[in-house]
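Notes for the structure review
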Amino acid sequence: MSVQVETRHPVDEAIDAIPGITVSRALPRLQDFTGDRSQPSACSPVAIFTPKGRNELQALVEVARTVGLRLLPVSSGVPHYRGDTLAAENTAIVDMSAFSSVVRVDRRNRVALLEAGVRFPELTKVLANHGLRPLLPLVPRNAKSALAAYLEREPTIYPRHQWDLADPLLCTEVIFGTGEHFRTGSAAGPGSLEDQWAAGDAQTNPMGPGQSDLMRVVQGSQGTVGIATWCSIKCRPVPTSEELFVFGSADLGPLVEAAYHLLHRKHPEILFLGDRALLSALTTGRMADVASVSGRYPQWFLAASIAEPPFAGAPKMRLMKGEIGEMARLLNLQRVERTPGGTVEDLLRVLLEPSRAGSASWREAGKGNTAEVFFLTTLDRASRFVDIVTAFQARYLRRDQEPIFYIQPLLGGRSCHFEASFPHAPEASTELWRQLPELVRRLRAAGAFFSRPYGALTAAATEGSPAARLVSRIQGMFDPDSILSPGNLRITG
Amino acid sequence: MTVAAKTSAGWADKRTPEEIAELRETVRRRLVLELGERWVETDPCVLDTYSWQYIAEAATGSQYMPRALAIALPADAEQVAAVVRLCNELGVQYKAMSTGFGMWNSPIEPDKVVQIDLRRLDRIIKIDAKNMYAIVEPYVTGNQLQTEAMKLGLNTHIAGCGAQCSVLASATSMMGQGLDGVSMGFSNRNLLGFEWVMPGGEIVRVGSFGDAGDYFAGDGPGPSVRGVIRGFAGALGGLGVFTRCAVKLYPWSGPKQLDLEGGSPNFFARIPRHHTAAVVVVKDWKSLAELGYRIGEAEIADYLGRNAPSLMAGVLTVDNAEAAEVYKIPMLHELYYALVVVMTAASTEEMNYKRSALREIVRGLGGGALSNDFSPAGIQDFLRFLKVVSARLGTRAFLRSMPSFLGLVLRDARRYGMAKAPMALTSLLYQSLLRSGMNMRGVFRFAGTFWTAMGSLVTWDNAIRGARVGAQIKRKYIDQGVIVDDGGDNAWGGLYEGGTFSHLEELAMYDQTDPEAGDRVAEYVAETNLACVDYHCGDSLNAVGPPFHRMFSPACMDYDKYTYRIKTTFDPQNAADATMFTDPAFAPDARLEARMQAVLADRAKVSIDTSHAGAPVRVLAPLH
Ligand SMILES: Cc1cc2nc3c(=O)[nH]c(=O)nc-3n(C[C@H](O)[C@H](O)[C@H](O)COP(=O)(O)OP(=O)(O)OC[C@H]3O[C@@H](n4cnc5c(N)ncnc54)[C@H](O)[C@@H]3O)c2cc1C
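Residues numbered from 1 in each chain as written. Chains lettered and ligands numbered in written order. Predicted model: local features only at pLDDT ≥ 70, side-chain atom pairs only at ≥ 80, totals over all residues. Heavy atoms only, no water.

Regarding the overall build of chain B
Let me state the cut-off plainly: Runs of H or I in DSSP of at least four residues are treated as helices and runs of E of at least two as strands, each being numbered from the N terminus. Each radius of gyration is computed over the set of C-alpha atoms, and the globule rule expresses the reference value as 2.2 Å times the number of residues to the power 0.38. Note on exposure labels: buried denotes an accessible area under 20% of the residue type's maximum, exposed denotes more than 50%, and partly exposed covers the range between, all computed with a 1.4 Å probe on protein chains only. The contact criterion used throughout is that any non-hydrogen atoms of two residues lie within 4.5 Å. Method for areas: the Shrake-Rupley scheme with a 1.4 Å probe, in which residue coverage is limited to the protein chains shown. For the purpose of counting charges, residues Lys and Arg are taken to be positive, whereas Asp and Glu are taken to be negative. His and the chain ends are not included. Charge positions come from single atoms, namely NZ of Lys, CZ of Arg, CG of Asp or CD of Glu.
Across its full length, chain B holds 26 helices and 20 strands. The C-alpha radius of gyration computed for chain B amounts to 25 Å, which stays within 12% of the reference 25 Å derived for 624 residues, consistent with globular compactness. Taking the principal axes of its C-alpha atoms as reference, chain B extends roughly 75 × 60 × 60 Å. Within chain B, buried positions represent 65% of all 624 residues. For chain B, the share of sequence-separated contacts (at least 6 apart) that also reach a separation of at least 24 residues comes to 72%. Element-wise, carbon and sulfur atoms account for 55% of the exposed surface of chain B, whose accessible area totals about 20,900 Å². Averaged over its 63 positive side-chain charges, chain B has a centre that lies 5 Å from the centre of its 69 negative ones.

Written out as structure tokens, the structure reads:
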């Protein structure tokens, strides 16, 4: 006679342990996470938990540890592009969409506190009611969670207001992989958030508490250290007036000089550089048709806005415009008055909002899919990477897989995010992704620093990296059982 | 392992003097093999020169910290790593120091720790003018870096400890407050990539160096190691040794060299053409709060800070007698609601804009300004300055101030010449702010030394709240005659990153040769720490090291347990002396315990006044 030992599925154990938690095992929902745009078919998650609040989330992490279930937090909606929302085996998705509130907006301190599920459109709208605006990445996709973007150190288009690569992220609340609950920065205390608010504090100091900065180890960890429930962020006052300048040049060099000049003078609000394809993708949603735009639009452009400051605004605007005009003359820059999609004012409006609901990311440029390769460098090194990407594309990729170049100065111009996105037809994905690790290796060999390595490019981006060795030690301190985001950022250096 | 087991391993109790001497000799011999005879010191006289330290009395009751086992002076990162590995091998601890300004770079227990003096690593490796960063070694001071940076149109953040201090120590290991914070941030936030001799002796280059051969970025790949090595404060030597780091520099619209004349103690700095130095005064705390927020948001100030009247009296004078006279002038004595400002510009047009913006802000708050702007509008601002002060003082006291105030101007005419006399005050202000040079006159000279309290990094409103709480607590100790009567409110600090966060610390001056004063000041610090917790004024700048974590960690999400986890993960041998870092098993000795009991038995009465703060902000939705 044999005794049958009933082994229960970890998901069932979790459901039993947390009465009332919302869970779905419906195939159509699971399929949302069974692959993304970078890898159409991957492992299927075993369930989707939607915790209603911090207590349920903490209970879920604690139970997951004991029953051996792995958890992958997801705050943004589909589509996902980078492979960081792909489930590994025996992994449940933690859908953070119930954490949906903008909790507090503080105009005086220029800070907002928002939960993980708040997406950029909602954030932008709520902040506007208080005379503030978010420091947006370059037209983020509509369903992108603001907290997730900032936790990923996604660059924003406001380099002058980035004092630290961590900006605009300030404080966070986290449930670590150990199940421990923590608040970082000045949010830690003394006192609850309510106590701090009553005392005039507003979670604006990102450092500490004490002699470590745990916000910095949660940030950039792709969900492998802890699950953030809310964060506070720096915001900008909405200016009374703002003007966008777009300058063009056949070469990147003069525009890089212009960017340095403007940032050293601390004038711009928004500032970024890109190629003609970017200008087209941003303003028309499509890749430029070379024949139609090549004569009319320069190969490279720089977009920079200036905003009227709150006091003595008119003389400051005059001063900035005068200096910008003089700079353009000296560098022989061509002022671009119209973009492929409209006026420069239209472009400014585009830059101040996330993408519209239902519209695809500009990185797809109307082709149905995209693959991003991005890293950190400095502006004066950027053109060497343009050459490498261009040569690689010509030699190894299809002719219709030209890149979109986007160069985003960071930290007031001290470094920059360099990005080549490859819009492509969905059926060409597999082949393209096969090629990209080699591009990453070549870029690294030329000095590219892949500070945010994702998905299929992680290995190529981190092989032999000295600090990469520290990553697993950091992860081990906060998630000793490796239950969080098991497919992400597992690097050995 | 626990840090406590290691640090109180009983050597001090059990070792005989002979055993200690033998250990010292062993360590010396092995160090000599690594570094050469010349670069190892065990001579007691030399060891004592390292031990004589600022606020040593808080730890030892004397002005000396315990002696190190030996002093090692490595020449480069490889030698540092060799020393660290040797310490690990021999089971002794080590502690790094850069420029060595304070008891936190000394051991707490005698004859156990090798002090690694990094003065031979003294090079500015590179200044990248375009990308606005510098790579420095530990012994490069703020002064040196600023001098070189200015030649290239750049400037550097210098912490309030002064321009003689290490740039790297504040960026990697210590704190980073300073009055240039409004435009040049906080040391933690200015750190880019760095070279780290990890606690076991392995050298790692964190950030972009591995790939790019340069240190322009310090975060990644993935999570940032910057969060491991420091928080608002660093590990104070408790987590290895930093041998090189990159820090952000900032645009400088000024001359390649400051134009200084005269000699110590009466330097005169000629304020460059497009620069403004001003003391801006308003009528009360509420207006001061507004003033800070508005100047911060306007992004017009390069330096912005709050100096209380007593500190100003110190900075403006060359000795205590003169300071006492100046402090008596009612006009100066009552200059509580004031901020000092330096604005720089590249052109007349830009300076005109900045002056207009400042004027709009100050006049909007009913305030005035004393500055080096002698235009009609500038003179009007000065008249408004006098009006604000006279309204506060009453006409009679105001008029009584006039002769002494004119006396000050005459003094300056004698010192600097008639033509420069009207600019002397703003010139002193300008140079003190630019070189972060207020300590000697502003705090040390009054009674010998000082300690400081409150000073959390919080909103400007909350910083002011903390300053007001701190002053009330301090009044108790002033009334008891153990610290200098500086008016009670001697809150010093400013705003950072355009006003994103701020700090105001409550200075307390005392005589370090008076054991009672040393003890009572420690009580003052303990009491202000309790007040930070009770009145929600953030985690104080004293929230550093095990005794203080005991007070703050339970009130702030038990943060110290995570710091301890970092320590044990990266330094399982506890080789880096962590007595200023983390030790959850720390137990106070009888002296500390008695101090705490004394505080708890007699706490100062504090009344909370929030009239300065902005209107309450409605919460839009509850947290889930
Ligand atoms: C009068 C006075 C005013 C002050 N005001 C301010 C202020 O306004 N703002 C502020 O931020 N601080 C202030 N401080 C504290 C200040 O941060 C430190 O005194 C100063 O940074 C330390 O001096 P230092 O640069 O000489 O570093 P050190 O004394 O050499 O080192 C400071 C700490 O860092 C550790 N350390 C130093 N170098 C290294 C290294 N290379 N690797 C590992 N660990 C290292 C040391 O062990 C020590 O614990 C003040 C101190 C004094 C005495």
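On we go from here.
Some words on the pairing of strand 18 (residues 404–410) of chain A
All names here are of chain A. As a reminder, the rule being used: One bridge is not enough; two strands pair if DSSP finds at least two bridges between them.
Across the seven residues of strand 18, seven count as buried, placing the element largely inside the fold. Side chains Ile404, Tyr406, Gln408 and Leu410 project from strand 18 onto one buried face, and the interleaved Phe405, Ile407 and Pro409 project onto a second face that is buried too. The pairing of strand 12 (residues 271–275) with strand 18 spans two bridges and is classified as antiparallel. Within strand 18, the residue paired with Gly274 across the bridge is Tyr406. The sheet contact formed by strand 18 and strand 19 (residues 415–424) spans seven bridges and is antiparallel. Bridge pairing links Pro409 to Cys416 in strand 19.

Structural notes on the interface of chain B and chain A
Formally: Accessible area, probed at 1.4 Å, shrinks when two parts are joined; the buried area is that loss added up over both. Any Lys or Arg side-chain nitrogen located within 4 Å of an Asp or Glu carboxyl oxygen qualifies as a salt bridge. What qualifies as a polar contact is a pair of N or O atoms within 3.5 Å, subject to a donor-acceptor requirement within protein and to the restriction that residues adjacent in sequence count only when both atoms come from side chains. Classification convention: Asp, Glu, Lys, Arg as charged; Ala, Val, Leu, Ile, Met, Phe, Trp, Tyr, Cys, Pro as nonpolar; all other residues, Gly among them, as polar.
Opposite the 111 residues of chain B that make contact, chain A presents 114 residues. With both sides pooled, the region where chain B packs onto chain A buries about 9,100 Å², and carbon together with sulfur makes up 58% of that total. Linking chain B with chain A are 18 salt bridges. Measuring nitrogen to oxygen at the nearest pair gives 2.7 Å for the salt bridge that ties Arg444(A) to Asp211(B). Viewed at the interface, chain A and chain B are joined by 49 residue pairs in polar contact (both at pLDDT 80 or more). If one sorts the elements of the side of chain B that touches chain A by residue count, helix 25 (residues 559–570) of chain B sits on top with eight residues. Class assignment for the residues of the side of chain B that touches chain A results in 57 nonpolar, 31 polar and 23 charged.

Side note on the sheet that holds strand 12 of chain A
Residues and elements named next belong to chain A. Formally: In this description, a line fitted to the C-alpha atoms serves as the axis of each element, helices being fitted only across the stretch in contact, and the angle between N-to-C directions of two axes falls anywhere from 0 to 180 degrees.
Ordered in space as 14-11-13-12-18-19-17, the seven strands form an open sheet in which the pairing is antiparallel. The outermost strands of the open sheet, each flanked by one partner alone, are strand 14 (334–335) and strand 17 (369–377). Where helix 12 (residues 344–351) meets the sheet, its contacts fall on strand 11 (242–249) and strand 12, and the angle it forms with strand 11 comes to roughly 110 degrees.

A word on the site of the ligand
Residue and element names in this part refer to chain B. Test applied: A molecule or strand has a residue near it when one of that residue's heavy atoms lies within 4 Å.
What surrounds the ligand is a group of 33 residues, the closest being Ala96, Ser98, Thr99, Asn105 and Gly176. The backbone of Ala96 places a nitrogen or oxygen atom 2.6 Å from an oxygen atom of the ligand. Contacts to the ligand include Gly100, whose backbone N or O atom sits 2.8 Å from an oxygen atom. Within the complex, the protein chains bury 97% of what would otherwise be the 940 Å² of accessible surface of the ligand.

A closer look at helix 21 (residues 439–447) of chain B
Residue and element names in this part refer to chain B. Within helix 21, burial applies to Asn439, Arg441, Gly442, Val443, Phe444 and Arg445. Of the surrounding secondary structure, the elements contacted by the buried residues of helix 21 are helix 14 (309–315), helix 15 (320–328), helix 20 (424–434), strand 18 (449–454) and strand 20 (501–510). Where helix 21 terminates, the next one or two residues include Gly448, which has phi positive at roughly 120 degrees.

Let's talk about unusual backbone geometry
Geometrically, the link from Val78(A) to Pro79(A) is a cis peptide bond, its omega value of 0 degrees lying close to zero. Tracing the backbone through its elements, the reader meets Pro79(A) in the loop between strand 3 (70–74) and strand 4 (91–95). For the bond running from Gly220(B) to Pro221(B), omega is 5 degrees, close enough to zero to count as cis. Considering the arrangement of structural elements, one finds Pro221(B) in the loop between helix 11 (209–212) and helix 12 (226–229).

Thoughts on the domain arrangement of chain B
Residue and element names in this part refer to chain B. The line we're drawing: Residue ranges for the domains trace back to a domain assignment, done automatically or taken from a database.
When its domains are assigned, chain B resolves into domain 1 (3–117), domain 2 (124–251), domain 3 (259–441) and domain 4 (443–612). The C-alpha centroid of domain 3 is placed 32 Å from the C-alpha centroid of domain 2. Contact residues are listed per partner, giving 16 residues for domain 2 and 13 residues for domain 3. Interface of domain 2 and domain 3: buried area, both sides summed, is about 1,100 Å²; carbon and sulfur atoms make up 48% of it. Considering only the surface of domain 2 that becomes buried against domain 3, Gln146, Leu179 and Val182 emerge as the three largest contributors, covering 48% of it. Scanning the region where domain 2 abuts domain 3 turns up zero salt bridges. Linking domain 2 with domain 3 are eight residue pairs in polar contact (both at pLDDT 80 or more). Those elements that provide at least two residues to the side of domain 2 that touches domain 3 are helix 7 (142–151) and helix 9 (181–184). When residues in the side of domain 2 that touches domain 3 are grouped by element, the largest group, four residues, is from helix 7.

Observations concerning the sheet that holds strand 1 (residues 22–24) of chain A
All names here are of chain A. Strand order in this open sheet of four strands is 1-2-4-3, and the pairing throughout is mixed. Two strands lie at the open edges of the sheet, namely strand 1 and strand 3, each paired on one side alone. Mean inter-strand twist for the sheet, computed between neighbouring axes without regard to direction, equals 25 degrees. Relative to strand 2 (residues 47–50), strand 1 runs antiparallel, the two sharing three bridges. In the sheet register, Val23 faces strand 2, and the bridge partner there is Phe49. Lying over the sheet, helix 1 (residues 10–17) contacts strand 1 and strand 2, oriented at roughly 20 degrees with respect to strand 2. Docked against the sheet, helix 3 (residues 54–67) engages strand 2, strand 3 and strand 4, running at close to 150 degrees with respect to strand 3.

Describing the packing of helix 22 (residues 460–479) of chain B against helix 23 (residues 515–534) of chain B
Residues and elements named next belong to chain B. Put simply, the test is: Put simply, angles under 35 degrees are roughly parallel, angles over 145 are roughly antiparallel, angles from 65 to 115 are roughly perpendicular, and the rest are oblique. Note on convention: near helix rotated counterclockwise from far helix by under a right angle means a left-handed crossing. Clockwise means right-handed.
Orientation of helix 22 relative to helix 23, taken along the N-to-C sense of each, is 150 degrees, at an axis distance of 10 Å. The angle between helix 22 and helix 23 falls in the class roughly antiparallel. Two packed elements cross with a definite hand, and for helix 22 against helix 23 that hand is right-handed. Facing helix 22, whose interface residues are Val469, Gly470, Ile473, Lys474, Lys476 and Tyr477, helix 23 presents Arg520, Glu523, Tyr524, Glu527, Thr528 and Ala531.

Here we look at the nonpolar core
To keep it simple, the criterion reads: By convention a nonpolar core is built from buried Ala, Val, Leu, Ile, Met, Phe, Trp, Tyr and Cys residues, the set being connected through side-chain atoms within 4.5 Å.
With 254 residues, the main nonpolar core has Leu138(A), Phe272(A), Trp196(B), Leu291(B) and Trp451(B) as its most contacted residues. By residue number, the principal contributor to this core is helix 23 of chain B, which donates nine residues. Residue contacts for Leu138(A): discarding those within four places in its chain leaves Pro155(A), Ile157(A), Phe272(A), Leu278(A), Leu282(A), Leu351(A), Trp362(A) and Tyr406(A). Counting residues in hydrophobic clusters, the runner-up holds 51 residues, among them Leu273(A), Ala304(A), Val386(A) and Phe422(A).

Digging into the environment of Ser62(B)
All names here are of chain B. In this structure, Ser62 sits in the loop between helix 5 (56–60) and strand 2 (70–72). Not counting the four nearest positions on each side in its chain, Ser62 is found in contact with Ala56 and Glu57. At 2.8 Å, the side chain of Ser62 forms a polar contact with the backbone nitrogen of Tyr64.

Quick word on the pattern of salt bridges
Applying the stated criterion to the full structure yields 89 salt bridges over all chains. In this structure, Glu463(A) and Arg441(A) form a salt bridge, with 3.5 Å as the shortest nitrogen-oxygen distance. Placement of Glu463(A) in the loop between helix 15 (458–462) and helix 16 (468–478) and of Arg441(A) in helix 14 (residues 429–445) is noted, with a sequence separation of 22 residues between them. By relative accessible area, which is 40% here, Glu463(A) ends up partly exposed. As a salt-bridge pair, Asp111(B) and Arg24(B) come within 2.6 Å of each other at their nearest N and O atoms. One end of the pair, Asp111(B), is in the loop between strand 3 (93–97) and strand 4 (113–117); the other, Arg24(B), is in helix 3 (residues 17–35), with 87 residues separating them in the sequence. Salt bridges here are not isolated pairs; linked through shared partners, they connect Asp164(A), Asp167(A), Asp213(A), Arg216(A), Lys234(A), Arg189(B), Asp219(B), Arg226(B) and Glu497(B).

Comments concerning the confidence of the model for chain B
Residue and element names in this part refer to chain B. Keep this limit in mind: What pLDDT expresses is the predictor's confidence in each residue, scored from 0 to 100.
Here chain B shows a mean pLDDT of 94. Residues at 70 or above account for 98%. Every residue in residues 1–12 scores below 50 in pLDDT, and together they form 31 contacts with partners more than four places removed in sequence or on other chains. In the model output, the complex is listed with pTM 0.97 alongside ipTM 0.97.

Digging into the packing of aromatic side chains
Each aromatic ring pair is summarised here by two numbers: the centre-to-centre distance and the angle between the ring planes. Note the following rule: Here a pair means two rings of Phe, Tyr or Trp (six-membered ring of Trp) with centres within 6.5 Å. Their orientation is stacked below 30 degrees between planes, edge-to-face above 60, and tilted elsewhere. Should the NZ of a Lys or the CZ of an Arg lie within 6 Å of a ring centre and within 35 degrees of the ring normal, that charge is described as sitting over the ring.
Here the structure, examined in full by the defined rule, presents 35 aromatic pairs over all chains. An angle of 20 degrees between the planes, with centres 5.9 Å apart, marks the rings of Phe382(B) and Phe385(B) as stacked. With Phe382(B) and Phe385(B) both in helix 18 (residues 376–393), this residue pair falls three residues apart, about one helical turn. Members of the aromatic cluster, connected to one another through ring pairs, are Trp300(A), Phe375(A), Phe385(A), Phe405(A), Phe418(A) and Phe450(A). Cation over ring: Arg82(A) sits above Tyr454(A), and NZ or CZ is 5.1 Å from the ring centre. One cation-aromatic arrangement involves Arg120(B) over Trp39(B); the distance from NZ or CZ to the ring centre is 3.5 Å.

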